[in-house]
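# A closer look at the structure
The primary structure of each chain is shown beneath.
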Amino acid sequence: MNSQSFSWLSFLHVVFTIKFLVLLQSLDASSSSAEFYKTCGNTFSCGDTITQIGYPFRRQTDPAYCGHPNLVLSCDGRSNATTIDIMSTTYRVLRIDQATHTMRIVREDLMAGPCPQEMVNTTLDYSLFDYASSYTNFTFLYGCPASNIPGLSLTPCGSSGYSGVYVFPGTQGPGKCNASVIVPVLLGVDGGGGTENTTRTLNQVVQQGFEVRWKIDGKSCSDCTESKGRCGYDVGTNQTSCFCPDAPYISDTCTMLRGMRLNAFYFLTFKS
């Protein structure tokens, strides 16, 4: 093969390589997908306790693709209180540990007093959460005949609409009472699992909250961030996505993309 033919083939190779890269970018990354990396670089902070929280959580103001749809954090700027909604119930977030995938939460309606204000049981979304530590249940019984709950004293309940409730250690249906609400509390805290019925002690126990562990796969996100990408959420596949700073912008990791670009550079530089 003469030098003129070789040069022509080299030229064709360069042309096809450039077209391939342009096609790859146009197929896999639109102008909107290029924004994913930029817009998902924010973390959530609220006050001094909940700081620099990233994926799988997202801020309420972030786009939906920046975090799991059921792990949206909100911040009350006046009180620096962080909240999250789980199964239509609002919880105060007391602590988040991203290393262990755990957080401590307490029902928001318990922060104003010792008794739940909403007549619904505490329920987790078990497709997303598990209890992360030992706990016990307390049952709050509303509107009970005094003779129906022997051995338990009436606890003042503030603005719940009832003059008082009975607090039963364990899980109990309403029976002859008007309503019952089940609340989990941590074992091992002062009063946890005990039968003390003073308002102060009950406040201390229920406002300690309980711990949950989220089930989102952390390895996919770790692989992404190690490759200099940013984690996001694909609502179509219900899986973690990796957003990259360069085309094609969305992949499992950004390492493969850098390798492709280096290979293309090698062919363009040394094979032409």
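Anyway, here's the lowdown on the structure attached to this text. (Residues numbered from 1 in each chain as written. Predicted model: local features only at pLDDT ≥ 70, side-chain atom pairs only at ≥ 80, totals over all residues. Heavy atoms only, no water.)

### Quick notes on the overall build of the protein
- Each helix and strand counted, the protein has five helices and 16 strands in total.
- Across the 272 residues of the protein, 40% fall into the buried class.
- Long-range contacts, defined here as pairs at least 24 residues apart, represent 61% of the contacts in the protein between residues at least 6 apart.
- With the model as given, the accessible surface of the protein reaches about 14,600 Å², and the carbon-plus-sulfur share is 52%. (Helix = DSSP H or I, 4+ residues; strand = E, 2+ residues; numbered from the N terminus. Buried < 20%, exposed > 50% of the residue type's maximum accessible area, 1.4 Å probe, protein only. Contact = heavy atoms within 4.5 Å. Areas by Shrake-Rupley, 256 points an atom, 1.4 Å probe, with all protein chains shown as cover.)

### Focus: the sheet that holds strand S10 (residues 154–155)
- Read from one edge of the open sheet, four strands run S10-S11-S9-S12, paired in antiparallel fashion. The open sheet has two edge strands, S10 and strand S12 (179–186), and neither has a second partner.
- Where strand S9 (residues 135–142) and strand S11 (residues 165–169) come together, five bridges link them in antiparallel fashion. Considered in S11, the bridge of Thr 139 is made with Phe 168. (Pairing = 2+ DSSP bridges.)

### Re the side chain of Asp 62
- Considering the arrangement of structural elements, one finds Asp 62 in the loop between strand S3 (58–59) and strand S4 (72–76).
- With relative accessibility at 9%, the residue Asp 62 sits in the buried group.
- Of the polar contacts made by the side chain of Asp 62, one reaches the side chain of Arg 59; its length is 2.9 Å. (Polar contact = N/O pair within 3.5 Å; in protein donor to acceptor, adjacent residues only side chain to side chain.)

### Overview of the sheet that holds strand S14 (residues 230–234)
- With respect to topology, three strands assemble into an open sheet ordered S14-S15-S16, the strand pairing being antiparallel. With one partner strand each, in any of the chains shown, S14 and strand S16 (250–251) form the two edges of the open sheet.
- Where strand S15 (residues 239–243) meets S16, two bridges bridge the pair, whose relative direction is antiparallel. If you follow Cys 242 over to S16, its bridge partner there is Ser 251.

### Some details on the state of the cysteines
- With the rule as written, the count across this model stands at six disulfides.
- With a sulfur-sulfur separation of 2.1 Å, Cys 224 is cross-linked through a disulfide to Cys 242. Since a negative S-S torsion denotes a left-handed disulfide, the Cys 224-Cys 242 link at about 85° is right-handed. With Cys 224 in helix H4 (residues 218–226) and Cys 242 in strand S15, this residue pair connects regions lying 18 residues apart in the sequence. The residues Cys 224 and Cys 242 share a single accessibility class, namely buried.
- Disulfide pairing is shown between Cys 244 and Cys 254; the S-S distance is 2.0 Å. Judged by the sign of its S-S torsion, about -100°, the cystine formed by Cys 244 and Cys 254 is left-handed. Within this pair, whereas Cys 244 is found in the loop between S15 and S16, its partner Cys 254 is found in the loop between S16 and helix H5 (255–270), the two being separated by ten residues in sequence. (Disulfide = S-S within 2.5 Å.)

### Describing the environment of Ala 179
- In this structure, Ala 179 sits in strand S12.
- Separated by 14 residues in sequence, Ala 179 and Val 165 place their C-alpha atoms 9.9 Å apart.
- Sequence-distant contacts of Ala 179, that is, excluding residues within four places in its chain, are made with Met 119, Phe 140, Leu 141, Tyr 142 and Pro 174.

### Side note on the pattern of salt bridges
- As enumerated under the stated definition, the model contains nine salt bridges in all.
- Between Asp 76 and Arg 78 there is a salt bridge, and its shortest N-O distance comes to 3.6 Å.
- Classification of Arg 78 as exposed rests on a relative accessible area of 79%.
- By sharing partners, the salt bridges in this structure join Arg 95, Arg 104 and Glu 211 into a single network. (Salt bridge = Lys/Arg side-chain N within 4 Å of Asp/Glu carboxyl O.)

In short, the description is geometric, and any link to function would need to be established separately.
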